[in-house]
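Chain residues, written in single-letter form:
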Amino acid sequence: MATPLERWVEEQAGLAEPESIYWCDGTEEEARKIVEAGLTKEKINGHSVFHELNRSSFPGSYLHRSHPTDVARTEHLTYVCHPDKVTAGPNNNWMPPLEAKEKLSRLSKGCMRGRTMYVLPYMMGHPDSPYAKACVQLTDISYVAVSMRIMTRLGKGVVRKIGGSENFVRGFHSVGDLDPEKRFIMHFPDENFVWSIGSGYGGNALLGKKCFSLRIASWLGLKEGWLAEHMIIIGIEDPEGRITYVVAALPSACGKTNLAMLQPSIPGYKIWTVGDDIAWMNVGPDGRLWAINPETGLFGVAPGTSLKTNPNMVRTLKAGTFYPTLYTNTALDADRNEPWWEGRDGPVPENVLDWQGRRWDHLQQDSKAAHPNSRFTAAISQCPVVSREFNNPKGVPISAIIFGGRRTELIPLVYESFGWQHGVFSAARMGSETTAAAIHSIGALRRDPMAMIPFCGYNMGDYFGHWLDIGKKMKDPPGIFFINWFRRDEDGKFIWPGFGENIRILKWIINRTNRKAGARETPIGLVPRPGDIDTRGLDVPAEKLEELLEVNPGEWDRETEDAGKFFEKFGDRMPAELWEEFNKK
Ligand code: GTP
Ligand code: SPV
Ligand code: MN
């Protein structure tokens, strides 16, 4: 008798009509074979899926070029199909589940003809964590199969774990014909099912990541009393050897991966990486907030990554070959056969092919060789500062929650909220300038509460209420802090040096949680005075630091007005407590 899993795979194959079906076991040997298929026989758009990079300087590394229209998340083609529109909320595109399935059935008919259908069994979360979820994704491209082995705990043990159960998370993925008109990423939260067609890029195609671990998991979290968040998890070790764990949410391409493994500029401090993108958090029996990272890999933005900005990432990329390292849409140094991107160490190479494989002229000022959203995929186990708690199924206890965004003006370098409710309010009204991580105009200010606007799988009014409830379940909720590394001066230059220097802000934050650092009260929260921050050896003029820490109530009017309009969208789903905070001003 076939198991529900086998039956489901057969059914999906009946629709997609692949040439063959291949069940992945997660071994290194198998990964090599799949890479080989991507180097030779499998084609996308007439080109091989992978190009092998320099074996001696970049061992086990492969370049993948996705379709030029398929280089980032596509929020306008992403739907959350709850039975009713209100549950999806004004923050999601919605289609009735039946209509969505009919549409996708038509688009998926025969979509894998001539291709292999890979069956990928994987866990999100450590298998011993009560929050871990057994999942199976189908895909028709080696790039996704290899990526999923890096990003998740993939292996045949998961098939045994699922056994005869119906209870597994399903993902159907096909690149289809990559026609943007026929591209959809549809979520069916009540069925733990994601159906994605027409894209081979990142969060559109690696269905365990944003689709399941945020959009669907956030919905599970609402029903079951926990949180799925777009957050890094780090341990901050002080010179006495004490480690304080914090989580931080920043919108896409706003500095999570960099913060997750920063090399501190203050001697004696160390950062330990638990996660760089997603945190699942629950209130433990001790009344504290605990966090796990459901992923096992890093899918990081390449441009700007160097030994100067993020040395631990550079080391991660070259740290081993058990898991390959993938480069997606970077440029290629054609003489050395090495990946290249703007901001990489060393001089600009002479012979560069851009992210589409075309000869690139570096004198052409406005053209970038690497796509601004080009990325690498690498195993977190290769990170030299991976936390020893990374594999602890219980997770780590959280002492502070940090929210941030990319703001040229207004938002101070750091501040602390007055308490949980005020912190939830301040996170709910957050805004950030948009980036190349999604296909839309870049640099426009939009409201992005908790950095979750593209990822909350249900009505965000209810989500805010859920955050308030979680706070009530805790004995002594963590402090809620806000950061902004991205203020610019009149010349458009970043005022704050960022990266390794961000430890100075983390130090203030953990000292606030220990009541060892001072602050002054302002209408928006508690802001450090320049003397409250460790500035020894910092190369920022005093008046610039003061500017970064300024709160000018008059300047906040537009921000408040904009936030008010945003809150109104959620109508009666908006918790009264947040309007109460809003009206305090
Ligand atoms: P996603 O993977 O899309 O969720 O992005 P992320 O939040 O992990 O962002 P990431 O750390 O990859 O950084 C995105 C961009 O911001 C990169 O180009 C970084 O170089 C830049 N960046 C990160 N931290 C800082 C900082 O402290 N200061 C400045 N100026 N730029 C930064
Ligand atoms: C993001 O956009 O927040 C990412 C990349 O981390 S993706 O997985 O494509 O969503
Ligand atoms: Mn992200």
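Residues numbered from 1 in each chain as written. Chains lettered and ligands numbered in written order. Predicted model: local features only at pLDDT ≥ 70, side-chain atom pairs only at ≥ 80, totals over all residues. Heavy atoms only, no water.

Q: Where do I start with the site of ligand 1 in this structure?
A: Close to ligand 1 lie 21 residues; Ala 253, Lys 256, Thr 257, Asn 258 and Arg 375 are nearest. Note that an oxygen atom of ligand 1 is positioned 2.7 Å from one of the side-chain N or O atoms of Arg 375. Asn 502 has a polar side-chain atom sitting 3.0 Å from an oxygen atom of ligand 1. Protein chains bury 91% of the 660 Å² of accessible surface belonging to ligand 1 in isolation. Within the residue set of the shell around ligand 1, elements represented by two or more residues are helix 9 (256-260) and strand 19 (297-301). (Near = heavy atom within 4 Å. Polar contact = N/O pair within 3.5 Å; in protein donor to acceptor, adjacent residues only side chain to side chain. Areas by Shrake-Rupley, 256 points an atom, 1.4 Å probe, with all protein chains shown as cover. Helix = DSSP H or I, 4+ residues; strand = E, 2+ residues; numbered from the N terminus.)

Q: What is the right way to look at the coordination of the manganese ion (ligand 3) in this model?
A: Octahedral six-donor coordination of a metal ideally yields angles of 90 or 180 degrees, compared with 109.5 degrees for tetrahedral four-donor coordination. Around the manganese ion (ligand 3), the donor atoms from the protein are Lys 210 (NZ), His 230 (NE2) and Asp 277 (OD), and they sit 2.1 to 2.5 Å away. For the manganese ion (ligand 3), the six donor atoms in the first shell make angles of 64 to 171 degrees at the metal, so the coordination geometry reads as irregular. Assessed through its relative accessible area of 8%, Asp 277 is described here as buried. (Donors = N, O, S within 2.8 Å, 3.2 Å for Na, K, Ca; no water. Tetrahedral: all angles 85-135°; square planar, octahedral: opposite > 155°, others 65-115°. Buried < 20%, exposed > 50% of the residue type's maximum accessible area, 1.4 Å probe, protein only.)

Q: It is not clear to me how the site of ligand 2 should be interpreted in this structure. Could you clarify?
A: The immediate surroundings of ligand 2 are formed by Arg 73, Gly 202, Gly 203, Lys 209, Lys 210, His 230, Ser 252, Asp 277, Phe 299, Arg 375, Ala 437 and Phe 455. Between an oxygen atom of ligand 2 and a side-chain N or O atom of Lys 210, the distance comes to 2.5 Å. A distance of 2.5 Å is found between an oxygen atom of ligand 2 and a side-chain nitrogen or oxygen belonging to Ser 252. When isolated, ligand 2 has an accessible area of 290 Å², and the protein chains bury 98% of it. Its residues assigned to classes, the shell around ligand 2 shows three nonpolar, four polar and five charged. Residue contributions to the shell around ligand 2 reach at least three from each of two domains, namely domain 1 (4-225) and domain 2 (229-297 + 389-582). (Nonpolar A, V, L, I, M, F, W, Y, C, P; charged D, E, K, R; others polar. Domains from an automatic or database assignment.)

Q: I'm lost on the domain arrangement of the protein in this one. Help?
A: How big an interface is tends to be expressed through the accessible area that disappears when the partners come together. Per the domain assignment, the segments of the protein are domain 1 (4-225) and domain 2 (229-297 + 389-582). Look at where the C-alpha atoms of domain 1 and domain 2 centre, and you get two points 30 Å apart. The interface of domain 1 with domain 2 comprises 40 residues on the first partner and 38 residues on the second. A per-residue breakdown of the area domain 1 buries against domain 2 is headed by Arg 73, Asn 91 and Leu 214, which together make up 18% of the total. Inspection of the region where domain 1 meets domain 2 yields four salt bridges. As a salt-bridge pair, Asp 277 and Lys 210 come within 2.8 Å of each other at their nearest N and O atoms. Taken together, the connections running from domain 1 to domain 2 amount to 26 residue pairs in polar contact (both at pLDDT 80 or more). (Contact = heavy atoms within 4.5 Å. Buried area = accessible area lost by both parts, 1.4 Å probe. Salt bridge = Lys/Arg side-chain N within 4 Å of Asp/Glu carboxyl O.)

Q: I'm lost on unusual backbone geometry in this one. Help?
A: With glycine set apart, most residues show a phi of negative sign, and most peptide bonds adopt trans. Phi at Leu 410 is positive, roughly 70 degrees, even though this residue is not glycine. You can see Leu 410 is positioned in the loop between strand 26 (396-404) and strand 27 (414-416). Residue Phe 499 is not a glycine yet carries a positive backbone phi of 50 degrees. Within the secondary structure, Phe 499 is located in the loop between strand 30 (479-483) and helix 13 (503-513). Classification of Phe 499 as partly exposed rests on a relative accessible area of 35%.

Q: Help me understand the packing of helix 11 (residues 420-428) against helix 16 (residues 576-584), please; the structure alone is not making it clear to me.
A: Helix-helix packing is characterised by the crossing angle of the two axes and by the distance between the axes. One way to put it is that helix 11 packs onto helix 16 with a least axis distance of 9 Å and a crossing angle of 85 degrees. It follows from the interaxial angle that helix 11 and helix 16 lie roughly perpendicular. Residue-level inspection shows Gln 421, His 422, Val 424, Phe 425 and Ala 428 of helix 11 in contact with helix 16, the latter providing Glu 577, Leu 578, Glu 580, Glu 581 and Phe 582. (Axes fitted to C-alpha atoms, helices over the stretch in contact; angles between N-to-C directions. Parallel < 35°, antiparallel > 145°, perpendicular 65-115°, else oblique.)

Q: Would you mind going over the sheet that holds strand 19 with me for this structure?
A: The strands that make up a sheet are held in pairs by hydrogen bonds between backbone atoms, and each pair lies either parallel or antiparallel. Read across the sheet, five strands follow the order 4-5-20-25-19 without closing on themselves; strand pairing throughout is mixed. With one partner strand each, in any of the chains shown, strand 4 (51-52) and strand 19 form the two edges of the open sheet. Relative to strand 20 (residues 325-328), strand 5 (residues 61-64) runs parallel, the two being bridged by four bridges. Directly across from His 64, in strand 20, lies its bridge partner Thr 328. (Pairing = 2+ DSSP bridges.)

Q: Is there a simple way to explain the nonpolar core in this structure?
A: Counting 134 residues, the largest nonpolar core has Ile 401, Phe 403 and Trp 467 as the members making the most contacts within it. Two domains each provide a minimum of three residues to this core, namely domain 1 (4-225) and domain 2 (229-297 + 389-582). Leave out the neighbours within four places in its chain, and Ile 401 touches Met 231, Val 247, Leu 289, Trp 420, Trp 467, Pro 478, Gly 479, Ile 480 and Phe 481. The next biggest cluster of nonpolar side chains, apart from the first, holds 30 residues, and it includes Ala 13, Leu 104, Val 119 and Trp 195. (Core = buried A, V, L, I, M, F, W, Y, C linked by side-chain atoms within 4.5 Å.)

Q: Help me understand helix 2 (residues 28-39), please; the structure alone is not making it clear to me.
A: Side chains three or four residues apart in an α-helix point the same way, a direct result of the helix having 3.6 residues per turn. For helix 2, spanning twelve residues, the distance from its first C-alpha to its last is 16 Å, which sits close to the expected 16 Å at 1.5 Å a residue. Residues Glu 30, Ala 31, Ile 34, Val 35, Ala 37 and Gly 38 constitute the buried set of helix 2. The buried residues of helix 2 occupy an angular sector of 155 degrees when projected down its axis, which confines them to one face. Residues of helix 2 that are exposed and point more than 90 degrees away from the buried face comprise Glu 29, Arg 32 and Lys 33. (Expected span 1.5 Å × (residues − 1). Arc of directions from axis to C-beta.)

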